[in-house]
Amino acid sequence: MEQKQFDQLNETLYFKTLQNGLKVFILEKKEFNKTYATFTTNYGSVDNHFTPLGKNEPVKVPDGIAHFLEHKMFEKEDGDVFQQFNQQGASANAFTSFKRTAYLFSTTNEVKKNLTTLIDFVQDPYFTEKTVEKEKGIIGQEIRMYDDNPDWRAYFGLISNMYHHHPVKIDIAGTVESIAKITKDDLYECYETFYHPSNMILFVVGPVDAKEMMELIETNQASKDYKDQPPIERFFDEEPSAPRTKKEIVPMPVQTPKCYIGFKEKQPERKGEALLKHELSVNLLLEMMFGKSTENYEKLYNEGLIDQTFAFDYTEEFGFGFSMIGGDTKDPDRLSETLMKMVQDFISKPLSKEDLERTRKKKIGSFLRALNSPEFIANQFTRYEFNEMNLFDVIPTFEQITESDLLDVMKNHFDEKQATVCQVRKKEA
Amino acid sequence: MAYVQHRMTEIPGMRIHSVETKKYKTNTIVLQLKNLIKEDSVTKRALLPYVMQSGTKKYPSSKQLRGALDDLYGATLNVDLSKKGNYQIISFRMDIANEKFLSDQSKLLDQGIALLADVLLRPVTENGAFKEDIVSKEKRSLKQQIESIYDDKMRYANKRLIEEMFKGDPYHLNVYGNENKVDQITPQDLYAYYQEVLANDEFDFYVVGDISHDEIVNKAKQFFVFNEKRAAGQSIEKNEAVEVTKVNEVIEEQDVQQGKLHMGLRTYTTYADPDYLALQVCNGIFGGFSHSKLFINVREKHSLAYYAASRFESHKGSIFVMSGIETANYEKTVSIIKEQLEDMRNGNITDDEMAKTKAMIKNQILETVDDAAGLVEVLYHQIISGYERSIEEWINGIDRVTKDEVVEVAKKIKLDTIYFLKGRGNENGTKTV
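Residues numbered from 1 in each chain as written. Chains lettered and ligands numbered in written order. Predicted model: local features only at pLDDT ≥ 70, side-chain atom pairs only at ≥ 80, totals over all residues. Heavy atoms only, no water.

Student: Sorry if this is basic, but what is going on with the overall build of chain B here?
Tutor: Scanning chain B for helices and strands turns up 15 helices and 13 strands. Relative to the globule expectation of 22 Å for 433 residues, the C-alpha radius of gyration of chain B, 23 Å, shows essentially globular dimensions. Each principal axis of the C-alpha atoms in chain B carries an extent, and together these give about 60 × 55 × 45 Å. At a minimum sequence separation of 6, the contacts of chain B that also span at least 24 residues come to 82%. Surface accessibility of chain B: about 16,900 Å² in total, with carbon and sulfur atoms responsible for 46%. A gap of 0 Å separates the mean positions of the 58 positive and 65 negative side-chain charges of chain B. (Helix = DSSP H or I, 4+ residues; strand = E, 2+ residues; numbered from the N terminus. Rg over C-alpha atoms; globule rule 2.2 N^0.38 Å. Contact = heavy atoms within 4.5 Å. Areas by Shrake-Rupley, 256 points an atom, 1.4 Å probe, with all protein chains shown as cover. Lys, Arg positive; Asp, Glu negative; His and termini not counted. Charge placed at Lys NZ, Arg CZ, Asp CG, Glu CD.)

This is the structure in structure tokens:
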């Protein structure tokens, strides 16, 4: 077991790659009551075109299958795993994103038992025709719930404006029609391909003894008969760099319209340090443009174009990347025009050194705040690791970003040609 | 060692609470303002904190104030409104980096406390009132915030349930106030109301982090100096026991994909009551967790919903049930939910359900106090109810609850109101399963 010290943060991270390829990370947080653990596979909603384990021909699977599989992992021959976690005083959950499926629990007692339950249930699939059919009703209602949610519709509307082919544009849960096609055999095929330990990360954070935890995990894994698996072949159609469309309106029964603008990243193929630096740079620039202490924010708020819901974010993972800016507004057209103009104004002017230093401080402070949360650490660390970055490099990277780094990013990312607008507007009766 | 090192000192006009811990990389400051929720003040009270955080004498605009926060390594300042029992609580929350983790070692916490004291005591004014332009901006923003509840159907259905269930009780009021009352508020009215708040509200000031209680008390004394004589602590508002004669069923229709079923029940038990912990267990078995009767029966057995849960409002003594379903399954779902409660009244509670629920509640409370904001919420229950229950008493008390006690509290529970927001047209009338 190796360990790495992060002196300034007063944290020590323990890690090891096991015989079967599973990567294990443990962070001791002695002051906390709670232990939080995530078991995550590098497999999400975008991985819908791949060569199944042991086959030669690629397959395309129904939309929403990674999420469906996540739901079905909890059901076993002798009942559902939630019951076992609850018996052991742990609350369990799972989530599926574009690139990952994570299973997790948090608990304040019986950590070893709960950790064993987590590992064992994720490594022991049990699907039948009957249980698969039953789940279609439940997930159908989950999809309907999101259909009625204007924020979710605006978010996916914006992404779907950007992408011609990339499956990031497909709703993570799929549609009622697409999930109707899913069979138990499909689920096993996806499971066998993507849930091999060498494609997964286990992260434990809490008042634990790292050595003891690592031994437990190693013994557990050594007792299971995993064969080495070749690298997974995933396929993505060639994606043009320009957005698919410049503007889309989603009609919904809302009282307050929503408006987001976004910029599609031209070459989202970074990994490691380059990705970390790029992602933090775009987020820093967004904060300099639209943070609450900026002139732009003041102007937008004074003119009544935005309210408390106004937000911005940049996210990139191998294959896709986009920024988004917006929120609730009474005048979606004026807001999108104003935001576009503000971005173009910002990138055409030199950076203010004073603003840069203030914003850098602000971002470092927010990162420290995020580290109060064991959930944030485990989930983000895993995301970073799959993208070959280290979460604990965030502060030094923020400190190293230079003006000229930012100028490059400004010209590149916030190119007008990459922009698109999505508005949710009141449906006419 | 106790789970939480909570200490409290009264200084003139305010209670100072501290929790010393090295858990976090930041220090958390919360200022709570407590007063009754009332028809004639609810909207002004909702507007007030947003105006207060928009400028102080030292930093007279929101931009300048936010700039000052950014300079403190991105300290956050948030305003929050909540309804706890019959009170409308205003919260100011600040979160500020612990300089120990920074290469720059300036005294961030002191500056943060000074800034918050300015927000409370030295807001920017003109002609003896709040600034006209700030008030009008915040009025617009508040109106939009109230309107947006309609767009989030879960929140909307919950709001409608409470309006129906608590007609004639101030609890029916929305914590963000009344949309139609926003326009008429003038900067002078609001400033007069602010003076009332300074004179009559109860103030509780919490600091959680790597701090010392005595130092915090000294700082607070230095920065929070109240001019006038502030009213002594208010008496605790008792809930009136309302009898239910008939279940009130309200069905409304909108253009939605999923119907929202919300049900309100009266328990006749609140935080300070001896059977409070039995009620916690009762609600847990009913709908609090993924092993609960609602989840198992509505979701797992009948595939009717993605979520089916209940939550307990500790100070009003109400249980609220919520589930998202196909419109066509309304009656079936309601009858399954009623059966679950009936089952509990008849003593159909297994040892397994008791054990799981107790384990989960104990876990929940210990997890909540791991989060600084959650910890303050837990401690603030004492102020709202006037009853002190330590974390240890919670844990041990939950362990001692018996099945008979759970059945007894279940017997007291009365279904009061069913609210259903249903979808329109045929597309929602067909079942997917």
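Student: So what exactly am I meant to see when it comes to the overall build of chain A here?
Tutor: Along its length, chain A carries 15 helices and 16 strands. Across its three principal axes, chain A shows a C-alpha extent of roughly 60 × 55 × 40 Å. Within the span of chain A, comprising 429 residues, buried residues form 61% of the whole. The long-range fraction of contacts in chain A, counting pairs at least 24 apart against all pairs at least 6 apart in sequence, stands at 80%. Entry remark: accessible area of chain A is about 17,200 Å², with carbon and sulfur atoms responsible for 48%. (Buried < 20%, exposed > 50% of the residue type's maximum accessible area, 1.4 Å probe, protein only.)

Student: Would you mind showing me how to read the nonpolar core here?
Tutor: The nonpolar side chains of a soluble globular protein tend to be buried with one another. Ranked by size, the top nonpolar core spans 126 residues in total, and within it L120, F205 and F224 of chain B carry the most contacts. For this core, the leading source of residues is helix 9 (residues 272–290) of chain A, giving ten residues. Once you skip the residues sitting within four places of it in the chain, L120 of chain B turns out to touch L31, L33, M52, Y194, L198, F203, F224 and F226 of chain B. One finds I285, M360, V369 and A372 of chain B within the second-largest nonpolar core, a separate group that totals 65 residues. (Core = buried A, V, L, I, M, F, W, Y, C linked by side-chain atoms within 4.5 Å.)

Student: How should the interface of chain B and chain A be read in this particular structure?
Tutor: Size of an interface, as often reported, equals the accessible area lost when the parts are brought together. Contacts between the two partners involve 69 residues from chain B and, on the opposite side, 62 residues from chain A. Overall, the association of chain B and chain A removes approximately 6,100 Å² of surface from exposure, summing both partners, and the carbon and sulfur fraction of that is 48%. For the interface between chain B and chain A, the tally reads nine salt bridges. At the boundary of chain B with chain A, the tally comes to 39 residue pairs in polar contact (both at pLDDT 80 or more). The element best represented in the side of chain B that touches chain A is helix 12 (residues 351–368) of chain B, accounting for eight residues. Residue composition of the side of chain B that touches chain A, grouped by class: 25 nonpolar, 19 polar and 25 charged. (Buried area = accessible area lost by both parts, 1.4 Å probe. Salt bridge = Lys/Arg side-chain N within 4 Å of Asp/Glu carboxyl O. Polar contact = N/O pair within 3.5 Å; in protein donor to acceptor, adjacent residues only side chain to side chain. Nonpolar A, V, L, I, M, F, W, Y, C, P; charged D, E, K, R; others polar.)

Student: Any chance you could explain the packing of helix 1 (residues 42–52) of chain B against helix 7 (residues 187–200) of chain B here in plain terms?
Tutor: What describes two packed helices is the angle between their axes and the distance between those same axes. All names here are of chain B. Interhelical geometry of helix 1 versus helix 7 gives an angle of 90° and a closest axis separation of 10 Å. With respect to helix 7, the element helix 1 is oriented roughly perpendicular. Facing K44, R45, L47, L48, V51 and M52 of helix 1, the residues of helix 7 in contact are D189, L190, Y193, Y194 and V197. Residue composition of the contact of helix 1 with helix 7, grouped by class: eight nonpolar, no polar and three charged. (Axes fitted to C-alpha atoms, helices over the stretch in contact; angles between N-to-C directions. Parallel < 35°, antiparallel > 145°, perpendicular 65-115°, else oblique.)

Student: Before we go on, may I ask you to explain the pattern of salt bridges in this structure?
Tutor: Side-chain pairing between opposite charges can occur once the charged atoms of the two side chains come close. Residues and elements named next belong to chain A. For the coordinates displayed, the defined rule picks out 77 salt bridges over all chains. The partner of D328 in a salt bridge is K258, with the nearest N and O atoms 2.6 Å apart. Taken together, the positions of D328 in strand 15 (residues 320–328) and K258 in strand 13 (residues 258–264) put the pair 70 residues apart, joining distant regions of the chain. Classification of K258 as buried rests on a relative accessible area of 4%.

Student: How should the packing of helix 9 (residues 276–288) of chain B against helix 14 (residues 391–400) of chain B be read in this particular structure?
Tutor: Residue and element names in this part refer to chain B. Close contact between helix 9 and helix 14 brings their axes to 9 Å; oriented N to C, the two are set at 65°. With respect to each other, helix 9 and helix 14 are oriented roughly perpendicular. Helix 9 and helix 14 meet at a crossing whose hand is right-handed. Touching Y276, L277, Q280 and V281 of helix 9 are E393, W394, G397 and I398, all from helix 14. When the residues that make up the contact of helix 9 with helix 14 are grouped by side-chain class, the tally is five nonpolar, two polar and one charged. (Left-handed = near helix turned anticlockwise from the far one by under 90°.)

Student: What's the story with the environment of R334 of chain A in this structure? I'm lost.
Tutor: All names here are of chain A. Inspection of the secondary structure puts R334 in helix 11 (residues 332–348). Separated by 266 residues in the primary sequence, R334 and F68 place their C-alpha atoms 40 Å from one another. Setting aside its immediate chain neighbours within four residues, R334 contacts E303 and L305.

Student: Teacher, can you tell me more about the domain arrangement of chain A here?
Tutor: Residue and element names in this part refer to chain A. Under the domain assignment, chain A is made up of domain 1 (2–222) and domain 2 (247–426). A straight line from the C-alpha centre of domain 1 to that of domain 2 covers 27 Å. Of all residues in domain 1, R100, L158 and M162 give up the largest surface area on contact with domain 2, accounting jointly for 17% of the area buried on that side. At the surface where domain 1 touches domain 2, the tally comes to four salt bridges. Of the charged contacts in the structure, one is a salt bridge between E385 and K23, with a shortest N-O distance of 3.3 Å. For the interface between domain 1 and domain 2, the tally reads ten residue pairs in polar contact (both at pLDDT 80 or more). (Domains from an automatic or database assignment.)

Student: Please clarify how helix 13 (residues 372–385) of chain B should be interpreted in this entry.
Tutor: For the α-helix, the turn length of 3.6 residues means that residues three or four positions removed from each other point alike. Residue and element names in this part refer to chain B. Between its first and last C-alpha atoms helix 13 spans 21 Å; for 14 residues at 1.5 Å apiece the expected length is 20 Å, and the two agree. The largest bend along helix 13 measures about 25° and falls at L379. Taken across its 14 residues, helix 13 has eleven buried, putting it largely inside the fold. Among the residues of helix 13, A372, G374, L375, V376, V378, L379, Y380, Q382, I383, I384 and S385 are the ones counted as buried. Positive phi appears at G386, one or two residues downstream of helix 13, with a value of about 65°. (Expected span 1.5 Å × (residues − 1). Bend = angle between axes of the 7 residues up to and from the residue.)

Student: What is the right way to read the domain arrangement of chain B from this model?
Tutor: All names here are of chain B. Taken domain by domain, chain B comprises domain 1 (6–223) and domain 2 (248–428). In total, about 3,100 Å² of surface goes out of reach between domain 1 and domain 2, with carbon and sulfur atoms giving 64% of it. In terms of surface lost to domain 2, no three residues of domain 1 exceed K84, L161 and M165, which account for 21% of the buried area on that side. The tally of links from domain 1 across to domain 2 stands at five salt bridges.

Student: Would you mind going over the sheet that holds strand 3 (residues 26–36) of chain B with me for this structure?
Tutor: Two pairing modes exist for strands in a sheet, parallel and antiparallel, and in both the strands are linked by backbone hydrogen bonds. All names here are of chain B. Pairing within the open sheet is mixed, and its six strands lie in the order 1-2-8-3-5-4. The two strands at the open ends of the sheet, each matched to only one other strand, are strand 1 (6–11) and strand 4 (76–84). Shown here is a sheet whose adjacent strand axes are inclined to one another by a mean of 20°, direction ignored. Where strand 3 and strand 8 (residues 202–209) come together, seven bridges link them in antiparallel fashion. Looking at the pairing, L33 lines up with F203 of strand 8. With respect to the sheet, helix 1 is in contact with strand 3, strand 4 and strand 5 (87–97), its orientation differing from that of strand 5 by roughly 15°. (Pairing = 2+ DSSP bridges.)

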